[in-house]
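# Close look at the chain arrangement
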Amino acid sequence: MSYANGYFIAGENNATDKTSLYYKLGADANVASGWTAVVVDAVNQRTVNDTTFGGGIYVAFCNGGKIYTASAITGPWTERTSGTTDSINGGKYAAGRFVAVTSNGKVLTSTDGITWVVTAQIGGAYDRTRFDIQYLSVTAQWCLGSGTNNTMHYSTDGATWTANIATTNRYAIAATKVGLLVADTTAVYLIPDPSKPFYFTLSSSGDGGDCRIICTSSGAELLRLAGGKTNYVGGSSTLIEID
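Our subject in this report is the structure included herewith.

## Overview of the sheet that holds strand β6 (residues 57–62)
The strand order β5-β6-β7-β8 describes an open sheet built from 4 strands, whose pairing is antiparallel. Sheet topology places β5 (48–54) and β8 (78–80) at the edges, where each strand pairs with a single neighbour. Sheet twist, expressed as the average angle between the axes of neighbouring strands with direction ignored, equals 25 degrees. Two elements, strand β7 (residues 67–70) and β8, share 3 bridges in a ladder whose sense is antiparallel. Across the sheet, residue I67 finds its bridge partner in β8, namely R80.

Set out below in structure tokens:
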């Protein structure tokens, strides 16, 4: 599931003879009905893992290293050459460029969504199937999270990456107004600046699994999950909207 140019977009992974996605207006997100199907490729069956929008075009990232573009969500969609056969987990548009990451740790970049170049290989020979990518506008950084190698990477240009070591597996990342949210199977963490050293530890506040202390080079902050869109950062007296 992704959100691009006012639409929620979901890829289909059960089709046997074609590549499809579904979309609906963001205003209707809480209504189960109303999704519209679009055929991306009528001949080949591929799973649409992620979509993004930028520079006037939609880009769909699929397994098998396939990328499709369209000027309208309804199509027609055109297949582009990615330079890899790896499954492309996700991609984003920000700061004038597209950046995508594969399940095998390859980073692809493009300025127009049409011509792609493999610019980096993250990590070595281990399971990297949960690589995810986000752009954190508050620090102007691209961020890569991996679910199995315990390492997060950050970049200012999407091409050159630096590792920032974490201490437990990370399965999903999301950019917010105040920092990067990182989730695993038990908790959500807030990282104000992914380029600064950090580590994670259990909170001793008495709130159990809903609390974590984030220790950075400049101090520590408490993240308490309050439900919904609102989280408490820096202790229960400070309320920050993060959506």
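## A short note on the pattern of salt bridges
All told, the structure shown has 5 salt bridges when counted by the stated rule. For R46, the salt bridge identified is with D41, shortest N-O distance 3.2 Å. Accessibility expressed as a relative area gives 14% for R46, which makes it buried. For D41, a relative accessible area of 8% gives the class buried. Here K106 makes a salt bridge to D86, at a shortest N to O gap of 3.1 Å. Of this pair, K106 sits in strand β11 (residues 106–110) while D86 sits in the loop between β8 and β9 (88–94); the two residues are 20 residues apart in sequence, bridging distant segments of the chain. Of the residues examined, D86 reaches a relative accessible area of 14% and is grouped as buried. A network of salt bridges, in which partner residues are shared, links D41, R46, K66 and E79.

## So, the packing of aromatic side chains
By the definition in use, this model includes 7 aromatic pairs. Ring centres of Y7 and Y23 lie 5.3 Å apart, and the angle between their planes is 85 degrees; on these two criteria the pair is classed as edge-to-face. Taken together, the residues span a long stretch of sequence, with Y7 in strand β2 (residues 7–11) and Y23 in strand β3 (residues 19–25) at a distance of 16 residues.

## Structural notes on the nonpolar core
Core analysis: the largest hydrophobic core is formed by 15 residues, its most contacted members being Y7, I9, L21, Y23, Y68, I73 and W77. At the level of elements, β2, β3, β4 (36–41), β6 and β7 are the ones that each hand at least two residues to this core. When residues of this core are assigned to their parent elements, the largest contribution, 3 residues, is made by β6. Listed in part, the 11 residues of the second largest apolar core include V99, V101, F131 and L144.

Cut-offs and rules
Residues numbered from 1 in each chain as written. Predicted model: local features only at pLDDT ≥ 70, side-chain atom pairs only at ≥ 80, totals over all residues. Heavy atoms only, no water. Pairing = 2+ DSSP bridges. Helix = DSSP H or I, 4+ residues; strand = E, 2+ residues; numbered from the N terminus. Axes fitted to C-alpha atoms, helices over the stretch in contact; angles between N-to-C directions. Salt bridge = Lys/Arg side-chain N within 4 Å of Asp/Glu carboxyl O. Buried < 20%, exposed > 50% of the residue type's maximum accessible area, 1.4 Å probe, protein only. Phe/Tyr/Trp six-rings, centres within 6.5 Å; stacked < 30°, edge-to-face > 60°. Core = buried A, V, L, I, M, F, W, Y, C linked by side-chain atoms within 4.5 Å.

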